[in-house]
Structures are given as C-alpha cells and as structure tokens.
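# Secondary and tertiary structure notes
Read off the chains here:
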Amino acid sequence: MPRASALECPGCPSLRALTTDALGLVKVVEARGKVGTPKVVETWGPPDASRGVLAASFADRKIDPLLAIARKNCLVEFLNPLNGDALATTKVDESDSLNGALKNDQFVGLHLFRTKKIELSSRLAVFLTCTEKGKACLRSVALRDAPADLHTDSPSSWNICTSGNVTCSSVDNTENYALFGGKGIEVNLWDLSKCSKIWTAKSPPSNSLGIFTPTWFTAATFLSKEDHRKIVAGTASHQVRLYDISAQRRPVISVSFRESPIKAVTEDMDGYTIYVGTGSGDLASFDMRTGKLLGCYVGKCCGSIRSIARHPELPVIASCGLDSYLRLWDARTRQLLSAVFLKQHLTNVVIDSHFSAEG
Amino acid sequence: MGTGKRKKSDDGEVEAAAERRGGGGERVKEKKQMVLPSLIKNKEKRSAVHAKLKRDKRIEKRKKAKAQEAALQRALEIGEEPPPKKVPRTIENTREPDETICKPDDEELFAGNDADEFSEVLKQDVTPKILVTTCRFNSTRGPGFIEELLSVIPNAHYYKRGTYELKKIIEYAKNKDFTSIIVVHTNRREPDALLIINLPEGPTAHFKLSNLVLRKDIKNHGRPTSHKPELVLNNFTTRLGHRIGRMIQSLFAQDPNFRGRRVVTFHNQRDFIFFRHHRYIFETKEKKADPKDKAAKGAKEKNAPPQKVIARLQECGPRFTLKLITLQHGTFDTKGGEYEWVHKPEMDTSRRRFFL
C-alpha cells in the first residue's frame, strides 16, 4: 500500500520573523491568528550575491526597533524592521580596505546595542563588529533622521587575536561583555567599557591516547541573561561545552552531540536550557545544569542550521539554515509548528516579539 | 494433539459455513464468492477457488478491453471525438506536491543561479577542466570505468591517487586551475560511489553508484569520437535538483560539437539519476509500405514525401545509476563540513516524495 501522509503542521501563533540570506535579501515572515500558517509578506533589497548577509543583529524594542545587517561587501546597513527603510549605511573598514592585505577579511559577528545611548532618543546606533581575522570594532553611527549636531564617538577598535579565524562572537544581556572564539582561538571574554581581555579559556587536556583535538569553536553564547560568567560554546568536534569563568578555565561540562560540528547555540529565557544546531541539520535542546540532552527536534531538517532564535514570550523557536527553510518549533513539545520555504541559503533569523496580529 | 485442535477449528468453520448457508438462496451465492481463498484451509479447495477467481478476473478484464475497443471503433466510424485515453497512475505523476519545485517565472531563482558557484563555467568564462582520481585501493573495474569516464568527459585528466589526502589534492587542483574533481570510490573491486567536488568553492556531491555496465559488456556498443558531447539533463525540477543539474552541467564543455553526434544523458527518475551515452544518426530511408501503418495514416501517405528521416541510436557506454547521498557546502570536509542536503530516514514519509 502506498504510504501517503500529509505534512502535519499544527500552525504557529501569530509572530513575525525576519530572515537574511546569502543573496542579500531580507524576508519578513508573518503568521496571523491563533494558529496561522506563516507566509512571506515582504522581501527587501535586490538579489545580489556580492551583498550577501553575513551577520545580523536586531534591537527588539517596542519603540524604534532597529535591524542591523553586515554584508559581504563590508557594509553595515541599518533598516527599520517595520517597513524596510534603510536608515543608515556605513562602510566599516575604510582604512583596512586601502592596504589590501585585509581584503579577504569578512564579518563574522555583529551586535547592535539595545540599551546604550538610549537617552539620545535612539537616533544613534551603537554597534560592535568583529571580522574573521580578529578585528573588533565598537562604533556608533547617526541614523538618517538624526539631528545634525549629534556627535558620534570615534570608533574604538582592537585586535582579538593575531592568528586563527574568529567564527563566533556574542554580547551578554547587560552589554558590558563580549566573547569571541574561533578556529585556533579559545573562547575569550572582553570588557567592552575598557576594551580589555578579562578571561581566556584553556583547552581541555589531550585524551588517554595522547591525542589533542585542535581548538575550533563554531558557536558561543552566554548561558543566562543575568549572569555573564557562564558561557556555552559549541565546537567543530561536535562538543557542547559550558565554561564558568568564576570557577576554572577549562570547561565545567562537556557533552558530545552527534557527529557533525555544532553550528548554532542559542540560550533560552530560563537560564539553563540551550538550543543547539549542527552542520547536518540536527536540532536539540540541552539542560546545561546537568549537561543532559532534553530532546531532539525531528522534522525533515536536511541542511546545516545557521541560526536559531527564541521568542521572548511564546514557547516558540525559529531555526534556519542551508536547506532554505525557516522552521518554527514548539520549544516545549519539540514539535514542528510550520516550515516556510524561502528559496535561498539563509544566514540569520530574528524574531520581532512586539508584533501583534492587529498591528 | 495438534490434529485434534485442527479438527476442532475445522468443525468451527464448517459450522460457520452452515450458518451462512442458512440465509436466503441468492445471498448464499454472493457470500460464497466473498470468501477469500486464503481463508480456506484445504489446499485443493483453496487452489480451485483461487483459480476460478483468477479466471473470472481475466474474463472481466478482457470484456472491459473489448468494450473500450468497440467504443473507440464506434467513435471513429461516427467521426466523433474518441473517448479520452486514460493516463495510468504512476508514482511520478502522483508525486507529493513540493513547494521547492522551481517555477519558470521565479526572478530569485535566476538571480541565485547567476551568483552560484557554477555560473562562471556555464557562462563560458572558464573552460571546465576535470581531475579524475580514485580511492586509495583501486583495481579491476575501477580503472576500466575511469578510462571510459575520460572518454565521456572532455578535458578530463586522470591522476593517480597515491597516498595523498583528498584535501591536499583539492589544494593542488585549485592551484592547477581545475574546475572539478571526480573521485571514483571502489569497494570490493567494484566502483560504488562517486564524489564530485566543484572547485574552488564547492559544493561537494556524494553519489551512490550502482548498476555499472562498462562499454564492452554492452551489446552492439559503439566507439565514441573525441568530439565534445551534447548533454541532456532530464527532470531536475526542485531547487536541489537544479543545483545538482547545474553541477553536472559544469563538468561538460558548454559548446557541444554537433558534428560528433554524441549525446550524454542524465535522466532523473524518482531521485535516481541514470547515465547513458549514445551516438545518434539521422538517416533518410525509403518509406516502407508498412501494413500496420497504412490503415492509420492512409490519408497522410499521399502527400508525404517518399523519404522519411529516422533517428537511430547506438549506445557507447558506460551505463550507470547515481543516487545523491549528501550535498556538502564548500569543498570536501567530513569533520567540519556543513551540509546543504543530507538524506535522513525521517524524510522518507512517503514513496511519493522526491527531492530532485
């Protein structure tokens, strides 16, 4: 007998998610109603591979939300996530592109500050960028409708490392600390107010056979909102590690997960659950208090997961990656709520939590 | 004991049969036909019932076909439109709807195609140059297959594998301006996998290779010339299929030499990619008075030219089947690689779901 089963997607609660892809497009996906099917409602930007999005950051505010995207051609763009207006564009490394040596340096991390400089009626965007070769840069840019006399601070930049490739970076919730890690770079924590390194991890000892696994971090995040001392990192040797900077330099917990590199790590609101996505499309959640696998998210996910986003209020997570699908999952039951085909290799997903179906 | 038990159950059935017999006269007959032969325990009776059922079925079928034929004849005589021919339902034409199937009016698809890794070759900015190598242990059918592969793909160069790592080979090929690497993997002296790596940026496709028939095992095979072949890619419909199709396309020269009359076919059917290699010829032939055709084409024959052109095919080999296992983003990297597509068992929810 032919087995013909329809895709059972219960539909997801009303939400709005923005995805960026390798072709430089920003797509807005909205689901309306109690159990709506999400649809692409808007697509911003012309398709152009040289403008492919590498990193995105979203200031999720009730008033004046802002979306920052770092493109392949060294541009950082600021968009209004409600209507897609470009508010500002800056070329970050003007000085570097001149000498040519750093031409092939690309953005890996971008963070848009949400709380800093809010008193200036948020017409000034402060952001932190980080490139593959380890150049971090903290700067601010005036948005288009800013008053003319607004002065922007001179950018402060520093080198994270001299060798190796940075692949992941993250900023904690208070936005005072940033962490970086990468291929050949141990996870290190920086104080952003002083631009100084305050902590570096130490690689785990070689195993009983004397084999040392080379350092290669592929994803990292802070574990909880309040605490900047706990860091979760994923490695290319398919390990999820928990670091506690107040305890020791080596990982407190280290768990192996499947057999492909961990490509995305995102923390939950509760401060101990994390979501992990791998290079072959496995998505799972871990309880980092014990290091136990809570469960896998099973749903025909067939390409590497590049980004995971957690909805701040609803128990919904969104994942996207190279299989060109944006998938929405129930965080509690680990059920696939719905999947949207977005045609391109997706790089980032962010969730706009202040979206209401009526608005 | 066993026989006793069986007798008992037999008795039960006899009783049940008797009960059925108790009903109305016509209903009995109906009921009797309804009894499945597999439920009858006596083998002779069972086979008799089965044979009868089979015979009835055959008669029914013949009757149906005859009725259809008669309807068609009648329609032809009256000059009416003949009844529509029924299309058989196959797995392909009842394929599950898939939103990833490419539409011809999709702007994003073309923009994406323009930007992908193969566009340089496909726009003829770069001529494809292929490196063919093997796994480390290679014997018997492997070299034979590679020899034929070299004759199929123009500008392909065989390099001995030696003990080099594949990553080193990729570095080497990048420096030598190769555009693709093909690795033939052999298991138990039989080629069983094909790895196609597009250079310099990937992707890497891993295919299972099966049903390999080499040229000398094909009856009435031809010898291919060294002209650049034409390429036929069939049924690559989805996004993934397009990508694989473009990858295969980028292995071949984009300017076929039509004088060579060689054609290489990659036909996708139910996610299996069938490879065939043919020579073709157009021949003008005196029209034969074919008794069968005469009736059908009676009117047509009068004004048709006395000569007709027919195309003949001759297979040149090799002949094999590919099935995609993984498609990896970037060049070959098993440890740190990201996959664009991996086949997982949970994706097999239906026989009617295809990915290419």
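Source: prediction; values computed, not measured.

Cut-offs applied
- Residues numbered from 1 in each chain as written.
- Chains lettered and ligands numbered in written order.
- Predicted model: local features only at pLDDT ≥ 70, side-chain atom pairs only at ≥ 80, totals over all residues.
- Heavy atoms only, no water.
- Contact = heavy atoms within 4.5 Å.
- Buried area = accessible area lost by both parts, 1.4 Å probe.
- Salt bridge = Lys/Arg side-chain N within 4 Å of Asp/Glu carboxyl O.
- Polar contact = N/O pair within 3.5 Å; in protein donor to acceptor, adjacent residues only side chain to side chain.
- Core = buried A, V, L, I, M, F, W, Y, C linked by side-chain atoms within 4.5 Å.
- Buried < 20%, exposed > 50% of the residue type's maximum accessible area, 1.4 Å probe, protein only.
- pLDDT = per-residue confidence, 0-100.
- Pairing = 2+ DSSP bridges.
- Helix = DSSP H or I, 4+ residues; strand = E, 2+ residues; numbered from the N terminus.
- Axes fitted to C-alpha atoms, helices over the stretch in contact; angles between N-to-C directions.
- 1 Å grid on protein atoms, 1.4 Å probe; cavity = no way out; pocket = protein on both sides within 12 Å on 5 of 7 lines; lining within 4 Å.
- Points joined across faces, edges and corners; volume = space filled by probe spheres on them.
- Nonpolar A, V, L, I, M, F, W, Y, C, P; charged D, E, K, R; others polar.
- UniProt positions renumbered as here; feature names shortened; annotations may be inferred.
- Patch = residues over 30% accessible without salt bridge, like charges linked within 9 Å, V, L, I, M, F, W, Y side chains within 5 Å.
- Areas by Shrake-Rupley, 256 points an atom, 1.4 Å probe, with all protein chains shown as cover.
- Lys, Arg positive; Asp, Glu negative; His and termini not counted.
- Charge placed at Lys NZ, Arg CZ, Asp CG, Glu CD.
- Expected span 1.5 Å × (residues − 1).

### Quick look at the interface of chain A and chain B
Tallying the contact residues gives 33 residues for chain A and 30 residues for chain B. Both faces considered, chain A and chain B share a buried interface measuring about 2500 Å² in area, 51% of it formed by carbon and sulfur atoms. In this structure, the connection of chain A to chain B is made through four salt bridges. Along the contact surface separating chain A from chain B lie 15 residue pairs in polar contact (both at pLDDT 80 or more).

### What to know about the nonpolar core
In terms of nonpolar packing, the biggest core is built from 39 residues, with B:Phe145, B:Phe207, B:Ile244 and B:Phe266 touching the most fellow members. With residues near it in sequence (within four places) discarded, B:Phe207 still touches B:Asp192, B:Ala193, B:Leu194, B:Ile196, B:Ile244, B:Ile273, B:Leu322, B:Lys323, B:Leu324 and B:Ile325.

### What to know about the confidence of the model for chain B
Residue and element names in this part refer to chain B. Of all residues in chain B, 85% have pLDDT values of 70 or greater, and the mean over the chain is 84. Throughout residues 1–25 the model reports pLDDT below 50, and contacts reaching past four residues in sequence, or to other chains, amount to eight contacts. Long-range and interchain partners of residues 295–301, a stretch whose pLDDT sits below 50, account for one contact in this model, where long-range means more than four residues apart.

### Describing the sheet that holds strand S17 (residues 230–235) of chain A
Residues and elements named next belong to chain A. Strand order in the open sheet formed by four strands is S16-S17-S18-S19, with antiparallel pairing between adjacent strands. The open sheet has two free edges, formed respectively by strand S16 (217–222) and strand S19 (253–256), since each of these has just one partner strand. In this sheet, neighbouring strand axes are inclined to one another by 15° on average, regardless of whether the strands run parallel or antiparallel. Here four bridges tie strand S18 (residues 239–244) to S19, and the two strands are oriented antiparallel to one another. Its bridge partner lying in S19, Leu 242 is registered against Ile 253.

### A few points about empty space enclosed by the protein
The method is simple in principle: a probe with the dimensions of a water molecule rolls over the atoms, and the space it marks as empty is what remains. All names here are of chain B. Overall, the coordinates contain two cavities of 30 Å³ or more when judged by the stated rule. In this model, the largest cavity occupies a volume close to 100 Å³. Elements supplying a minimum of two residues to the lining of the largest cavity: helix H6 (141–152), strand S4 (190–198) and strand S10 (319–329). When grouped by side-chain class, the residues that make up the lining of the largest cavity number 13 nonpolar, no polar and no charged.

### With respect to unusual backbone geometry
Residues and elements named next belong to chain B. That bond from Leu 199 to Pro 200 is cis: its omega, -5°, falls within 30 degrees of zero. Checked against the element boundaries, Pro 200 lands in the loop between S4 and strand S5 (204–213). Of note in this structure, Asn 220 is not a glycine but carries a positive phi near 55°. If you trace the backbone, Asn 220 turns up in the loop between S5 and strand S6 (230–234).

### A closer look at the UniProt feature "repeat: WD" (unreviewed entry) in chain A
UniProt annotation of "repeat: WD" (unreviewed entry) refers to residues 305–339 of chain A when read in the numbering used here. Annotation note: span residues 305–339 of chain A, helix share 0%, strand share 63%, distance between end C-alpha atoms 14 Å.

### Considering the environment of B:His343
Residues and elements named next belong to chain B. Mapping His 343 onto the fold places it in the segment after strand S11 (338–342). Here the alpha-carbon distance between His 343 and Phe 355, two residues 12 residues apart in the chain, equals 9.4 Å. The residues contacting His 343, other than those within four sequence positions of it, are Ile 325, Asp 348 and Phe 355. A polar atom in the side chain of His 343 sits 3.0 Å from the side chain of Asp 348.

### Section: the pattern of salt bridges
Residues and elements named next belong to chain A. Here the structure, examined in full by the defined rule, presents 30 salt bridges over all chains. Of the charged contacts, one joins Lys 194 and Asp 191 as a salt bridge, the two residues approaching to 3.1 Å between their closest N and O atoms. Among the residues examined, Lys 194 registers a relative accessible area of 60% and is labelled exposed. Of the residues examined, Asp 191 reaches a relative accessible area of 8% and is grouped as buried. By sharing partners, the salt bridges in this structure join Arg 16, Glu 30, Arg 32 and Asp 352 into a single network.

### Some remarks on a positive patch on the surface
All names here are of chain B. Positive charge collects at one region of the surface, where Lys 54, Arg 55, Arg 58, Arg 62 and Lys 66 lie side by side. Tracing the backbone shows Lys 54 in helix H3 (residues 43–78). According to the relative accessible area criterion, Lys 54 is exposed, its value standing at 57%.

### What to know about H3(B)
Two residues of an α-helix separated by three or four positions point the same way, owing to the 3.6 residues in each turn. All names here are of chain B. If you check H3, its first and last C-alpha atoms are 52 Å apart, about what 36 residues at 1.5 Å a residue would give, namely 52 Å. Structurally, the start of H3 carries an N-cap: the backbone nitrogen of Glu 44 is 2.9 Å from a side-chain oxygen of Asn 42. Where H3 ends, the next residue or the one after it, Gly 79, has phi of about 90°, a positive value.

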